[in-house]
Amino acid sequence: SRGSVGAPDGGGPSESKAPAEAPKPLHLRASIQRRTMRDFAGLVTVDAQTAAALLDFSFHLACGATDEAYKSVQQLRSRVVWESMARCCVKTRRLDVATKCLSQMGRAAAAAAVRKCTDKEPEAKLAQVAVHLGMLGEAAQLYRECGRADLYAALLSDACDWDGALAVAKSSDRINLKSIHHAHGQHLERIGDIAGAMRAFKEAGTWRTETPRLLRVQAARAGPDTSAAREAELAEFVEGSGDKEVRRWYAQLLESRRDLEGAARNYRLAEDWQALVRLSCISNDLHTAEQVAIESDDKAAAFELAKALEQAGRLREAVQYFGKAQRLRHALRLARSQGMENDLVGLALNSPPREMVRAAEFYEREVKQPNKAALLYHRSGQLHKAIEVCFRNDLFEPLKKVCEDLKPDTDPQVLARCAEFFRARGQQQKAVQLLAMAKRYDEALVLLEAATEQGLGGGMGSDEDLGQVADGSRRVQFDIQLEDETVERLTPEKGEMDAERRASLLMRLARVCKGQGLFALACKKYTQAGDKVRAMKALLKTGDTEKIVFFAGTARQPDIYVLAANFLQGLCWQSDPDLMKNIIAFYLKGRAFDKLALFYEDCAQVEVDEYRDYDKAVTALREAVKCVCKGMGVQLGPDQSLPAGLEHDERVASLRRKIETVERFVQAKRLQHSDPNEMVKVCMGLIEDPTAEQAIRLGDVFAELVGHCVSRKAFSEAYALLQKMTQRGIALSPHIDRPVLDMIASEMDVDIGDLLAGEGDQVPSGQRSARSRGGQPIEEDIEEEF
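1. Some details on the overall build of the chain
Part 1: Scanning the chain for helices and strands turns up 44 helices and two strands.
Part 2: Every one of the 786 residues in the chain was classed for burial, and the buried ones make up 43%.
Part 3: Considering only residue pairs separated by 6 or more positions, the chain has 49% of its internal contacts joining residues 24 or more positions apart.
Part 4: Accessible surface, the chain as shown: approximately 43200 Å² in total, 48% of it carbon and sulfur.

Pasting the structure below:
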């Protein structure tokens, strides 16, 4: 009820009443509605104890205390309460509690389905619970959340929501799209929508089998009046499909109805040649069957025809068609039974190994043709049997082919026996290869040494003798040509025998390699035997500069350093600074100071002859002196002075004289402008010095004097110097420029040809070989005896 609103306290004496208020609209009136919380849906009428337990369960669940929540409701026995809690767990995404609720409800199938679910996503497992609780909307939502479009589409299919399932499959699960179309077709077939089912089967790609089945079922169910129409509809469908599988099915249907003519027509259109041949054979028309087999070239058709020909007693033709069908076991069976030896071997070679062995035994025992037996044993992988057949029948060529497939892990006794077989028949190359595989090193090396001696025209002798013929050994045809693979097989492994015997075998093998001109292999074997000096000498024969430098750097032996330096000095080191550095470094490492001194002398001579650089020549000669002193075990003084008693050494004295001569000429060239008279005096002294030509080119001295005379216009003196050069046999052109010669000839009114006459036979002064000293070669090998 509503009462009137009175006047405020402390009003006047008036007691009149205020007018009544108007009623409020409905939307402004306060109202209280009774709603059930989501966790208590369906539990409105429970008792107070159950309600308290449910409140505790909801509270602990919200706090994340799963164990406490389960304890709070553990005493409840109402299935309705547990089902309500399970639904609550699905909505709150608590899978662990939901499985406990299912077990309390007694829903064993649902609990087992959740337990066996192999999906990794917890939402997918929770969706299983939702499905068993009838919460299809929640299950669909869970499948969408975890991105399992396949399970979502399957759920919609089970719910007969085919449009939704197909939409999901087209957008997110195309791998299962055809499966859903097929299931949709089966559903439509069950409800009697045959046209819709045929469309669904076509979308699923299963129309080749399902559509004819549907049509046949419809024809079987039709009455007598419509049966012919249904059969015509089926035939029309087959004709219109143009599919070979459908035609094959229809041909089989017609054959089952004894319509052989129609079946043959459809088999031909389906290109099922085997079935077509089978029909012809059933009709005893072997001629037509043979034509079909030949035209189609189909193996299955040939096999079908071969079986029919065998039954008809035409065995030779049956063997032929069994071979075309690659049914070789049947062909071999007939060939053996009919004694068709010529056809048998061709068939056996294309058959499995087991059949090859049976054919080989047939040739060995019954036909007595060991050649074919050995061939078949070989092809079947029975190498031991093939070898035995060759030994018993003295078959050379078959054994040679068999041995090509022998491996190092073959029985050594078999390998040695084969080697002896080939050796006795003069096949030394093959014998050595087999002995190497059998690890018969001594026997193989005996054969190799004998072949190498015969190829070289006598005994191999020592390594020195081999070195003299090795350069031409590659042009010799040896009975046994060594190959890299054979050489490696003849190399014993470390630990296979004692070190001394292994080294001896490697030395013998290296000598054979060197005798046959295989210097790189000889170097490798000498190195493995521990004789690096011989290895270097073999490597020098290859002429491979890069390998020689590398080997010398890694060998770290003085003799090898010297050998490498001697080889490099025989190359064009004048234009290659790296070669010059290696030569000097190797001589220093080998402590061959005498050879290094000779090399520095060569360097000085090259500077004089090629570049006319006498300053560098002096430097090189001084280095030569240092090397000679180092070789004697003494050191020069701080001022390059010689130790006491060394002045009388012939070698040092010769170098000092050369240095003094070169320094005199260098000093004379420097005095050309400052003191010409002194320069002329020094140069004339050098010309008169009989030993000067050993250090300098007299042509250069004459050239300095001629240039000085020309600069003073003293052409007569210059001409006299030219005549003196000619008398001494010194060529003019290498030392004096042609314009200067033309100027002198013009001023003296002489023919330039007279000055240059006979110059072709003359040698520039001072030019000597930088490779020898008094006819003695620089390259020297260390003496050795093998």
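From this point on, the discussion continues.
2. Considering the pattern of salt bridges
Part 1: Considering all chains together, one arrives at 21 salt bridges under this definition.
Part 2: A salt bridge links Arg664 to Asp689, with the nearest nitrogen and oxygen atoms 3.7 Å apart. Of this pair, Arg664 sits in helix H39 (residues 650-674) while Asp689 sits in the loop between helix H40 (676-688) and helix H41 (698-711); the two residues are 25 residues apart in sequence, bridging distant segments of the chain.
Part 3: Note that Arg697 and Asp700 form a salt bridge whose closest N and O atoms lie 3.3 Å from each other. The two residues Arg697 and Asp700 agree in class, both being buried.
Part 4: Residues joined in a network through salt bridges with shared partners are Asp442, Glu449, Arg501 and Arg508.

3. A look at the nonpolar core
Part 1: Leu399, Leu406, Cys418, Leu434, Met536 and Ile696 are the most contacted members of the largest nonpolar core, which totals 137 residues.
Part 2: Looking at which element gives the most residues to this core, the answer is helix H38 (residues 614-632), with ten residues.
Part 3: Residues contacting Met536, with those up to four places away along its chain left out, are Ile548, Phe551, Ala552, Ile560, Leu563 and Ala564.
Part 4: The next biggest cluster of nonpolar side chains, apart from the first, holds 31 residues, and it includes Phe237, Ala275, Ala306 and Val319.

4. Side note on the packing of helix H8 (residues 149-158) against helix H9 (residues 162-172)
Describing two packed helices takes the angle between their axes plus the distance from one axis to the other.
Part 1: With their axes 7 Å apart at the nearest point, H8 and H9 run at an angle of 165 degrees to one another. The angle between H8 and H9 places the two elements in the roughly antiparallel class. Of the two elements, H8 crosses H9, and the hand of that crossing is left-handed. On H9, the residues touching Ala149, Tyr152, Ala153, Leu156 and Ser157 of H8 are Trp162, Gly164, Ala165, Val168 and Ser172.
Part 2: In terms of residue class, the contact of H8 with H9 is made up of seven nonpolar, three polar and no charged.

5. Focus on the packing of aromatic side chains
To describe a pair of aromatic rings, you give the distance between the ring centres and the angle between the ring planes.
Part 1: If you walk through the whole model with that rule in mind, you get four aromatic pairs.
Part 2: Consider the rings of Phe599 and Tyr600, whose centres lie 6.4 Å apart with planes at 50 degrees: the pair is tilted. Both residues of the pair, Phe599 and Tyr600, belong to the buried class.
Part 3: Here the aromatic rings of Tyr614 and Phe665 are separated by 4.9 Å at their centres, their planes lie at 75 degrees, and the arrangement is edge-to-face. Separated by 51 residues along the polypeptide, Tyr614 in helix H38 and Phe665 in helix H39 bring together distant segments of the chain.

6. Notes on the side chain of Lys525
Part 1: Among the secondary structure elements, Lys525 is positioned in helix H32 (residues 519-529).
Part 2: On the basis of relative accessibility, which here comes to 0%, the residue Lys525 falls in the buried class.
Part 3: Discounting residues that sit within four places of it in the chain, Lys525 has contacts with Val487, Glu488, Thr491, Leu506, Leu509 and Ala510.

7. Some points on H39
Part 1: For H39, with 25 residues, the first-to-last C-alpha span of 36 Å sits near the 36 Å given by 1.5 Å per residue.
Part 2: Along H39, the positions that sit buried rather than exposed are Val652, Ala653, Leu655, Lys658, Ile659, Thr661, Val662, Phe665, Val666, Ala668 and Leu671.
Part 3: Contacts made by the buried residues of H39 are with helix H37 (593-611), H38, H40 and H41.

8. Examining the packing of helix H35 (residues 558-569) against helix H36 (residues 577-589)
Part 1: Axis separation between H35 and H36 bottoms out at 8 Å; the angle between their running directions is 150 degrees. As far as their axial angle goes, H36 and H35 are roughly antiparallel. Viewed along their axes, H35 and H36 form a crossing whose handedness is left-handed. Residues Tyr561, Val562, Ala564, Ala565, Asn566, Leu568 and Gln569 of H35 pack against Leu579, Asn582, Ile583, Phe586, Tyr587 and Lys589 of H36.
Part 2: Classifying every residue of the contact of H35 with H36 by side-chain character gives nine nonpolar, three polar and one charged.

9. Quick look at unusual backbone geometry
Part 1: Its identity is not glycine, yet Cys160 carries a phi of approximately 60 degrees, on the positive side.
Part 2: Following the sequence through the fold, Cys160 ends up in the loop between H8 and H9.
Part 3: Phi at Arg556 takes a positive value of approximately 60 degrees, unusual for a residue other than glycine.
Part 4: Inspection of the secondary structure assignment puts Arg556 in the loop between helix H34 (545-555) and H35.

10. Quick notes on the environment of Met725
Part 1: By the secondary structure assignment, Met725 is in helix H42 (residues 715-727).
Part 2: When the C-alpha positions of Met725 and Ala703 are compared, they lie 9.7 Å apart, and in sequence the two are 22 residues distant.
Part 3: Contacts of Met725, omitting those with residues within four sequence positions, involve Gly699, Phe702, Ile730, Ala731, Leu732 and Ile736.

11. A word on the environment of Cys418
Part 1: Tracing the chain through its elements places Cys418 in helix H26 (residues 412-424).
Part 2: It is 9.9 Å that separates the C-alpha atoms of Cys418 and Cys390, two residues lying 28 residues apart in sequence.
Part 3: If we ignore the near neighbours within four places in the chain, the residues touching Cys418 are Ile387, Phe391, Leu399, Cys403, Leu406 and Leu434.

12. Quick look at the confidence of the model for the chain
Part 1: Taken residue by residue, the chain gives an average pLDDT of 74. The fraction at 70 or more is 70%.
Part 2: Low pLDDT, under 50, characterises residues 1-20; the predicted model gives this stretch three contacts beyond four residues in sequence or across chains.
Part 3: Below a pLDDT of 50 lies the segment residues 472-476, which in the model reaches twelve contacts outside its immediate sequence neighbourhood of four places, other chains included.

Rules used in this analysis
Residues numbered from 1 in each chain as written. Predicted model: local features only at pLDDT ≥ 70, side-chain atom pairs only at ≥ 80, totals over all residues. Heavy atoms only, no water. Helix = DSSP H or I, 4+ residues; strand = E, 2+ residues; numbered from the N terminus. Buried < 20%, exposed > 50% of the residue type's maximum accessible area, 1.4 Å probe, protein only. Contact = heavy atoms within 4.5 Å. Areas by Shrake-Rupley, 256 points an atom, 1.4 Å probe, with all protein chains shown as cover. Salt bridge = Lys/Arg side-chain N within 4 Å of Asp/Glu carboxyl O. Core = buried A, V, L, I, M, F, W, Y, C linked by side-chain atoms within 4.5 Å. Axes fitted to C-alpha atoms, helices over the stretch in contact; angles between N-to-C directions. Parallel < 35°, antiparallel > 145°, perpendicular 65-115°, else oblique. Left-handed = near helix turned anticlockwise from the far one by under 90°. Nonpolar A, V, L, I, M, F, W, Y, C, P; charged D, E, K, R; others polar. Phe/Tyr/Trp six-rings, centres within 6.5 Å; stacked < 30°, edge-to-face > 60°. Expected span 1.5 Å × (residues − 1). pLDDT = per-residue confidence, 0-100.

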